[in-house]
Amino acid sequence: MVMFKSHFLSHKLKIYKPFAIARIQEALSYKARFVLFIIARTFTVIITYYLWKAIYNSNGANTLAGFTKNEMALYIFMSFVTASIISVEVASWIGTDVVEGSIAINLIKPINYKTSLFFKALGDIVYNFFIPSIFIWIGILINQYVTLGELPPSITTHLLYFISLSFGFVLLFLFEYCFGMLAFYTSYIWGMRISKNAILAFLSGQIIPFTFFPNAIRVIFSYLPFASINYIPVMIYLNKVKGTELIKALTLQVVWIILLYILSRILWKKATKKLYILGG
Amino acid sequence: MVRSRTLIKVENLSKEFVSYKKYPGFKGAIKGLFSREKVIKHAVSNISFNIDKGEIVGYIGSNGAGKSTTIKMMSGILVPTSGKCTVNGNVPYEMRQLNASVIGAVFGQRTQLWWDLPLSETFTILKEIYNVSDTDYKNRMEFLNEVLGFQEFIHNTVRTLSLGQRMRADLAAALLHNPEVLYLDEPTIGLDIVVKDKMRQAIKQINKKYNTTVILTTHDLEDIEELCSRIMIIDNGKLIYDGSIDKIKSLYGTVCTLSIDVKDISPILKTDFNKVFSATKTNLTIDIYESMVTFEFNKDKLSISQIISKVMELTDIRDIGIKETQIAEIVKKIYSGGFDIERVR
């Protein structure tokens, strides 16, 4: 039984692995686009950093909402690293597939569309991890050691961060996938995507840590699925979520994954019934 | 001849598309936000047919007649509004993945090749997706390369291929897993004569070698004449003809054109042929240009020899040309409503 299962899995992997690899190859063949994208993103994070620096300086306080100045800097940059690693534009892939009608090509193959997208996203993650995330990360670690004399977080923290990051990725994938299903109804989701990204950045705590919000809002925000995408992994990395809190946070991520997974299946069933192929 | 088994069954298949009315202009856009007037388009209405294993069927109709919609329902992409369709015993839109493993498709306007990768990569990926064994893969690649000739550009990135190269590769990609059914949606669109011919030869040979059932939609009626023994004509979502090419020719192809080059045109000019043969204008029209006289007539009412002998009575004949109706002309007349469809039924 185990043998059968592992054989089954290895076959699946063989089928879908090319989707991930193709994605990396594509990324490598459009280098300029990716470099520009990275530069734009890096600018944003640097601006955010200086903005917070100004806030701390003008306030005179060393700690704001439980964050020291250095923790805040770490939060901003790790938030950026996290978001860069797991940033996948699954919704826009679906949008393009539907608008250009190439979804038809996907549907005549004996493959699962969602799984193929998932592997494409995995390909992106591998690419994102090396360009640019790992370098920024190393930069953060060096900076911490040189200017503050701080050692990197423990291996356990790293391990927990990676577990939480993986959950965050699956969640973001499912959310993007569900969002992408809208394309079947509106056939054009570019505009909505822009607002989605803005809301996502805000609700996932990428811009402002939740601790800055009033208590009620903080609680609501931290229970929403978006917190699981960015806020939880980063807070784990900063060692600000510990003990039962940690178990609660990871459980919350899993619960949201299950719920979004169910939703994605329902939406797919409905969407494919609605489908009509644009452009003949 | 032993009747082969039915592979595709289509029963009362219909597909409606619901869209919302769009109003023109900015005012209209605002109006569209508040009122949603449904527009129902019957893309395919109530069509039924059976296709046997190994048949090559030409599926023709004007733009927007519903050809592609039918194919998309048969390939499991679209769910019909009503009716039923089975391919190889499976309902394609209910068991999409299972059905996908026994079909191959080429949609002329899209590609299934991996755009940013070398062509060879697409083939290896497809080998994994369809779980093709190494020996089968090797044999089929050899055979497909023989008929389609893609070896010379197999290491090129797909986006750098010319349309002709891409279409050949696309056809090969659709056949790598040796499908039971091959759907070809305008496979020769935009191709030059040489590539067109290559595509046709390939389709023929594959049908012969593997007994693959082929359903072909096209606007190029040469494709049909060269490949298909059976055609189905769809118009406005309704199947208006299903039968052999010969039958449609005998039904509609009664118009014959006879051009005669004569030595002396004056006796011809003086003769009223309609009166001579007591034929109405619909059964006989005459066109005279210099020394050339052209008769367009109904074969049921007049015979070629009748006309020739009459002309010979009047003058000497230098040359004769006879043209039977081409399938293209028949189809053109059907599209423009020039034929009484009910006659076929």
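Worth saying up front: this structure is predicted, and the values here are computed from it rather than measured.

Peer 1: In this structure, what is going on with the overall build of chain B? I would like to understand it.
Peer 2: Looking only at helices and strands, chain B has 13 helices and 13 strands in total. On the principal axes, the C-alpha backbone points of chain B span a range of 75 × 60 × 50 Å. Within chain B, the proportion of its 345 residues that are buried is 36%. Across chain B, contacts joining residues at least 24 apart in sequence account for 73% of those joining residues at least 6 apart.

Peer 1: Even after reading the chapter, I still don't get the overall build of chain A, so can you show me in this structure?
Peer 2: In terms of helices and strands, chain A carries 13 helices and 2 strands. Seen through its principal axes, chain A has C-alpha atoms that stretch 65 × 45 × 40 Å. Going through the 280 residues of chain A one by one, you find that 34% of them count as buried. Within chain A, residue pairs in contact and separated by at least 24 positions form 82% of the contacts whose partners lie at least 6 positions apart.

Peer 1: Please clarify how the domain arrangement of chain B should be interpreted in this entry.
Peer 2: By a frequent convention, interface size equals the accessible area lost on bringing the separate parts together. What the domain assignment reports for chain B is domain 1 (6-249) and domain 2 (254-324). For domain 1 of chain B and domain 2 of chain B, the distance between their C-alpha centres works out to 45 Å.

Peer 1: Help me understand the nonpolar core, please; the structure alone is not making it clear to me.
Peer 2: Here is a general trend for soluble globular proteins: nonpolar side chains tend to be buried in one another's company. Ranked by size, the top nonpolar core spans 141 residues in total, and within it A:Phe173 and B:Ile215 carry the most contacts. Ranked by residues supplied to this core, first place goes to helix H7 (residues 155-180) of chain A with 14 residues. Formed by 7 residues, the second largest nonpolar core is a distinct cluster that contains B:Ile260, B:Val293, B:Phe295 and B:Phe297.

Peer 1: Help me understand the interface of chain A and chain B in this model?
Peer 2: Between chain A and chain B, the contact holds 22 residues from the first and 25 residues from the second. Of all elements in the fold, only helix H1 (2-29), helix H5 (103-107) and helix H13 (243-274) of chain A reach the threshold of two or more residues within the side of chain A that touches chain B. Tallying contributions element by element places H1(A) first for the side of chain A that touches chain B, with 7 residues. For the side of chain A that touches chain B, the per-class residue count stands at 12 nonpolar, 6 polar and 4 charged.

Peer 1: Sorry, what's going on with unusual backbone geometry here?
Peer 2: A negative phi angle is the norm for most residues apart from glycine, just as the trans form is the norm for most peptide bonds. Of note in the backbone geometry, A:Ala65 takes a positive phi value of approximately 50° without being a glycine. The residue A:Ala65 is located in the loop between strand S1 (63-64) and strand S2 (67-68) in this model. Non-glycine residue B:Asn131 carries a positive phi angle of around 55°. Tracing the chain through its elements places B:Asn131 in the loop between helix H4 (119-129) and helix H5 (134-148).

Peer 1: Looking at this model, I keep getting lost on the sheet that holds strand S11 (residues 284-289) of chain B. Mind explaining?
Peer 2: Think of a sheet as strands paired side by side through backbone hydrogen bonds, with each pair either parallel or antiparallel. All names here are of chain B. Strand order across the open sheet formed by 4 strands is S11-S12-S10-S13, with antiparallel pairing between neighbours. Each of the sheet's edge strands pairs with one partner strand only, and the pair in question is S11 and strand S13 (317-324). On average, each strand axis in the sheet is tilted by 15° relative to the strand beside it, whichever way the strands run. Judged from the 7 bridges that link them, strand S10 (residues 255-262) and S13 form a sheet pairing that is antiparallel. By the bridge assignment, Val262 is partnered in S13 with Ile317. Packing of helix H12 (residues 304-314) onto the sheet brings it into contact with S10, strand S12 (292-298) and S13, and relative to S10 it is tilted by some 20°.

Peer 1: Is there a simple way to think about the sheet that holds strand S5 (residues 103-107) of chain B in this case?
Peer 2: Residue and element names in this part refer to chain B. The mixed open sheet is built from 6 strands, whose spatial order is S5-S6-S7-S3-S8-S9. Two strands close off the open sheet at either side, each with one partner strand: S5 and strand S9 (238-244). In this sheet, neighbouring strand axes are inclined to one another by 15° on average, regardless of whether the strands run parallel or antiparallel. When strand S6 (residues 181-185) meets strand S7 (residues 213-217), the two strands line up parallel, connected through 5 bridges. Bridge assignment links Tyr183 to a residue of S7, and that residue is Ile215. Relative to S9, helix H9 (residues 245-252) is tilted by about 105°, and along the sheet it contacts strand S8 (230-235) and S9.

Peer 1: How should I be thinking about the environment of B:Ala173 in this particular structure?
Peer 2: Structurally, B:Ala173 can be placed in helix H6 (residues 163-175). Remark: the alpha-carbon pair of B:Ala173 and B:Leu144, spanning 29 residues in sequence, is separated by 9.3 Å.

Peer 1: Teacher, can you tell me more about the pairing of S6(B) here?
Peer 2: Successive residues of a regular strand alternate their side chains across the two faces of the sheet. Residue and element names in this part refer to chain B. Buried residues dominate S6, accounting for 5 of its 5 residues. Covered by surrounding structure in S6 are Val181, Tyr183 and Asp185 together with Leu182 and Leu184, the residues of both alternating faces. Two strands pair when backbone bridges link them, and S5 and S6 are joined in this way by 5 bridges, in the parallel orientation. Each bridged residue has a counterpart across the sheet, and for Gly104 the counterpart in S6 is Leu182. This β-α-β element, S6 to helix H7 (residues 193-210) to S7, shows right-handed connectivity.

Peer 1: How should the packing of helix H3 (residues 69-86) of chain A against helix H6 (residues 113-148) of chain A be read in this particular structure?
Peer 2: For any two helices packed against each other, the geometry is given by the interaxial angle and the distance between the axes. Residue and element names in this part refer to chain A. Orientation of H3 relative to H6, taken along the N-to-C sense of each, is 165°, at an axis distance of 7 Å. The angle between H3 and H6 places the two elements in the roughly antiparallel class. Between H3 and H6 lies a crossing whose hand is left-handed. Of the residues in H6, those in contact with Asn70, Leu74, Phe77, Met78, Phe80, Val81, Ser84, Ile85 and Ile86 of H3 are Ile125, Asn128, Phe129, Pro132, Ser133, Ile136, Trp137, Ile140 and Leu148. For the contact of H3 with H6, the residue count by class is 14 nonpolar, 4 polar and no charged.

What counts and how
- Residues numbered from 1 in each chain as written.
- Chains lettered and ligands numbered in written order.
- Predicted model: local features only at pLDDT ≥ 70, side-chain atom pairs only at ≥ 80, totals over all residues.
- Helix = DSSP H or I, 4+ residues; strand = E, 2+ residues; numbered from the N terminus.
- Buried ≥ 20, exposed ≤ 12 C-beta atoms within 10 Å, placed from the backbone.
- Contact = placed C-beta atoms within 7 Å.
- Domains from an automatic or database assignment.
- Core = buried A, V, L, I, M, F, W, Y, C linked by C-beta atoms within 7 Å.
- Nonpolar A, V, L, I, M, F, W, Y, C, P; charged D, E, K, R; others polar.
- Pairing = 2+ DSSP bridges.
- Axes fitted to C-alpha atoms, helices over the stretch in contact; angles between N-to-C directions.
- Right-handed = clockwise from strand over helix to strand, strands pointing away.
- Parallel < 35°, antiparallel > 145°, perpendicular 65-115°, else oblique.
- Left-handed = near helix turned anticlockwise from the far one by under 90°.

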